[in-house]
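# Structural overview
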Amino acid sequence: LSLRFPQKLWKMLESGKFQSIWWSEGGKCVAINKDSFEVEVLGREGQQVFHTQKIKSFMRQLNAYGFTKMQRNFQRSASLPEFLAEEAAASAHSQILYYYNPSFNRAHPWLLKTCKRR
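Residues numbered from 1 in each chain as written. Predicted model: local features only at pLDDT ≥ 70, side-chain atom pairs only at ≥ 80, totals over all residues. Heavy atoms only, no water.

## Re the sheet that holds strand β2 (residues 29-33)
Rule in force here: Pairing between strands requires that DSSP locate at least two bridges from one strand to the other. In this text, helices come from DSSP runs of H or I with a minimum length of four residues, and strands from runs of E with a minimum of two, each type numbered from the N-terminal end. To obtain an axis, a line is fitted to C-alpha atoms, over the contacting stretch when the element is a helix, and the angle between two such axes runs from 0 to 180 degrees between their N-to-C directions.
Read from one edge to the other, the open sheet built from four strands follows the order β1-β2-β4-β3, with strand pairing classed as antiparallel. Two strands bound the open sheet, and with one partner strand each, they are β1 (21-24) and β3 (68-70). Averaged over all neighbouring strand pairs, the angle between strand axes comes to 35 degrees, with direction disregarded. Bridge analysis of β1 against β2 gives four bridges, and the strand direction is antiparallel. Its bridge partner lying in β2, W23 is registered against V30.

## Notes on the confidence of the model for the chain
Short version of the rule: A score from 0 to 100, pLDDT tells how confident the predictor is in each residue.
Confidence in the prediction of the chain, expressed as mean pLDDT, is 85, and 81% of residues score 70 or more. Taken element by element, the chain is modelled with least confidence in helix α4 (residues 80-93), mean pLDDT 65, and with most confidence in helix α3 (residues 55-64), mean pLDDT 95.

## Notes on the environment of R106
Heads up, the rule is: Buried means the residue's accessible area, taken with a 1.4 Å probe over protein chains only, is under 20% of the maximum for its type, while exposed means over 50%, and partly exposed covers the values in between. Pairs of N or O atoms are called polar contacts if they sit within 3.5 Å, as long as, within protein, a hydrogen donor faces a hydrogen acceptor (for residues adjacent in sequence, only side-chain-to-side-chain pairs).
With respect to the element layout, R106 can be found in the segment after β4 (96-100). Classification of R106 as partly exposed rests on a relative accessible area of 43%. Expressed as a C-alpha distance, the spacing of R106 and S24, which sit 82 residues apart in the sequence, is 9.6 Å. Here E14 takes part through its side chain, which lies 2.9 Å from a polar atom of the side chain of R106.

## A word on the side chain of T52
Put simply, the rule reads: By definition in these notes, contact holds between two residues if any of their heavy atoms fall within 4.5 Å.
Considering the arrangement of structural elements, one finds T52 in the loop between α2 (34-42) and α3. Here K54 takes part through its backbone nitrogen, which lies 3.1 Å from a polar atom of the side chain of T52. When sequence neighbours within four positions are dropped, the list of residues in contact with T52 reads L42, S57 and F58.

Here it is as structure tokens:
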């Protein structure tokens with residue numbers, strides 16, 4: 001019996017076996033370290049979790065099930081040294097993608113069944 005995409009994603013998040021994807025924002029968002037996810041999850045030989053090896057296809061699946069990409073807004077400092085340090089941190093942070101779906105909430109697993117493909 002194969003699981004639908006949202007159930008696979010939920011199982012993956014709850015398993016704790018993967019370092020490249022986790023619950024964020026108190027279990028309301030999915031956080032994905034893009035580069036690590038491509039290697040750790042999509043690049044797995046013989047044990048594919050999802051039927052793709054491309055991050056763009058995975059992101060299309062998220063969108064098809066009603067997930068929206070969350071934008072991270074950083075407040076910038078006025079001083080140059082602080083600004084440059086914040087810029088470096090934001091650059092590293094930009095590898096992390098955040099996706100939200102109101103029916104995909106760690107505290108409310110019963111909502112998962114309402115997570116339908118568009």
